[in-house]
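Coordinate analysis (summary)
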Amino acid sequence: MEIGILTVATNPLTTNYQMFFACVNAWSKIADEIIVVDGGTTDGSYESDLINKEAKEKIKIIYNSKTHWDFNNGFSSNQINTMFNEGLKHTTSDWMFIAGADVIPYPCNKNNLISELNNHLIYSWVRLHRSFSYSKNKVLKSTSPPHALNINWLNKYYPDKE
């Protein structure tokens, strides 16, 4: 079973968006592919030494006229959804995590994750519920856990991925 991550970014170096680099580096430990839907990056971010070798080997950059992020001329509030939809067209994974470029996965064993996802093959998607213990008496829950799409299910029922 292959696992992927789908995220969006535009000029992470120029915007000093360090979380993007932490995100792709962390996901590279469990993902077989990392799809970054680009909004029109011109600053060399994806060649940066801030991205580890493992992540660079797995990254697919998707950019086209639909993904171009134009803040000044007709930017749509639905742009991120459009970008995610464009990225889905390029996945080869069985499960694709949809996450913002600032979502860093809690360290987990890839085999355990695969085993858990295998328990949910009849569903089109799952939402990970994450909680983190920061002290003995306090557990914080993530407010934006990533969703994982079952790409095989989607291909069966919605083969055009639209």
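Below: a short report on this structure.

Here is what the cut-offs are and how they apply
- Residues numbered from 1 in each chain as written.
- Predicted model: local features only at pLDDT ≥ 70, side-chain atom pairs only at ≥ 80, totals over all residues.
- Heavy atoms only, no water.
- Helix = DSSP H or I, 4+ residues; strand = E, 2+ residues; numbered from the N terminus.
- Buried < 20%, exposed > 50% of the residue type's maximum accessible area, 1.4 Å probe, protein only.
- Contact = heavy atoms within 4.5 Å.
- Areas by Shrake-Rupley, 256 points an atom, 1.4 Å probe, with all protein chains shown as cover.
- Salt bridge = Lys/Arg side-chain N within 4 Å of Asp/Glu carboxyl O.
- Core = buried A, V, L, I, M, F, W, Y, C linked by side-chain atoms within 4.5 Å.
- Pairing = 2+ DSSP bridges.
- Right-handed = clockwise from strand over helix to strand, strands pointing away.
- Axes fitted to C-alpha atoms, helices over the stretch in contact; angles between N-to-C directions.
- Phe/Tyr/Trp six-rings, centres within 6.5 Å; stacked < 30°, edge-to-face > 60°.

**Comments concerning the overall build of the chain**
Scanning the chain for helices and strands turns up five helices and eight strands. Along the chain, helices and strands appear, N-terminal first, in the series β-α-β-α-β-α-β-α-β-β-β-β-α. Of all 162 residues assigned to the chain, the portion counted as buried reaches 43%. In the chain, the proportion of contacts linking residues at least 24 apart, taken out of those at least 6 apart, comes to 75%. Taken as a whole, the chain presents about 9300 Å² of accessible surface, with 51% of it coming from carbon and sulfur.

**Observations concerning the pattern of salt bridges**
This model, assessed by the stated rule, comprises six salt bridges. Put simply, Glu 86 and Lys 89 hold a salt bridge, and the shortest N to O gap is 2.9 Å. Looking at Glu 86, the relative accessible area reads 7%, which means it is buried. It is possible to trace a salt-bridge network through shared partners that takes in Lys 29, Glu 54 and Lys 58.

**Describing the nonpolar core**
For soluble globular proteins, the rule of thumb is that nonpolar side chains tend to be buried together. By size, the foremost hydrophobic cluster in this structure holds 26 residues, and its most contacted members are Phe 20, Ile 34, Val 36 and Phe 97. For this core, the elements supplying multiple residues, two or more each, are β1 (3-9), α1 (18-27), β2 (33-38), β4 (95-98) and α4 (110-118). The element best represented in this core is α1, accounting for five residues. The contact partners of Ile 34, leaving out residues within four places of it in the chain, are Ile 5, Val 24, Ser 28, Ala 55, Lys 58, Ile 59 and Lys 60.

**Overview of the pairing of β2**
Counting buried positions along β2 gives six out of six residues, so the element sits mostly inside the fold. Of the two faces of β2, the one lined by Glu 33, Ile 35 and Val 37 and the one lined by Ile 34, Val 36 and Asp 38 are each fully buried. With four bridges connecting them, β2 and strand β3 (residues 59-62) associate as parallel partners. By the bridge assignment, Ile 34 is partnered in β3 with Ile 59. Following the chain from β2 across helix α2 (residues 53-58) to the adjacent parallel β3, one finds a crossover that is right-handed.

**Re the sheet that holds β3**
Strand order in the open sheet formed by six strands is β3-β2-β1-β4-β8-β5, with mixed pairing between adjacent strands. Both edges of this open sheet fall to β3 and β5 (125-127), since each of them pairs with a single strand only. Taken over all neighbouring pairs, the strand axes of this sheet differ in orientation by 25° on average, direction set aside. Taken strand by strand, α1 contacts β1, β2, β3 and β4, and its axis lies near 155° from that of β2. Packing against the sheet, α4 makes contact with β1, β4 and β5, and its axis sits at approximately 100° to β1.

**What to know about α1**
The complete set of buried residues in α1 reads Phe 20, Phe 21, Cys 23, Val 24, Asn 25 and Trp 27. Of the surrounding secondary structure, the elements contacted by the buried residues of α1 are β1, β2, α2, β3 and β4.

**Here's the deal with the packing of aromatic side chains**
Scanning the model with the defined rule gives five aromatic pairs in all. Relative to Phe 21, the ring of Phe 20 has its centre 5.3 Å away and its plane inclined at 80°; by these criteria the two rings are edge-to-face. This pair shows no difference in class: Phe 20 is buried, exactly as Phe 21 is. Both rings, one in Trp 27 and one in Phe 97, keep their centres 5.2 Å apart while their planes meet at 40°; by these two values the pair is tilted. Of this pair, Trp 27 sits in helix α1 while Phe 97 sits in strand β4, and the two are 70 residues apart along the sequence. Taking the relative accessible area as the measure of exposure, Trp 27 reaches 2% and is therefore buried. For Phe 97, a relative accessible area of 0% translates into the label buried. Clustering of aromatic rings is evident, with ring pairs tying together Phe 20, Phe 21 and Tyr 46.

Bear in mind that shape data such as this cannot, by itself, settle questions of function.
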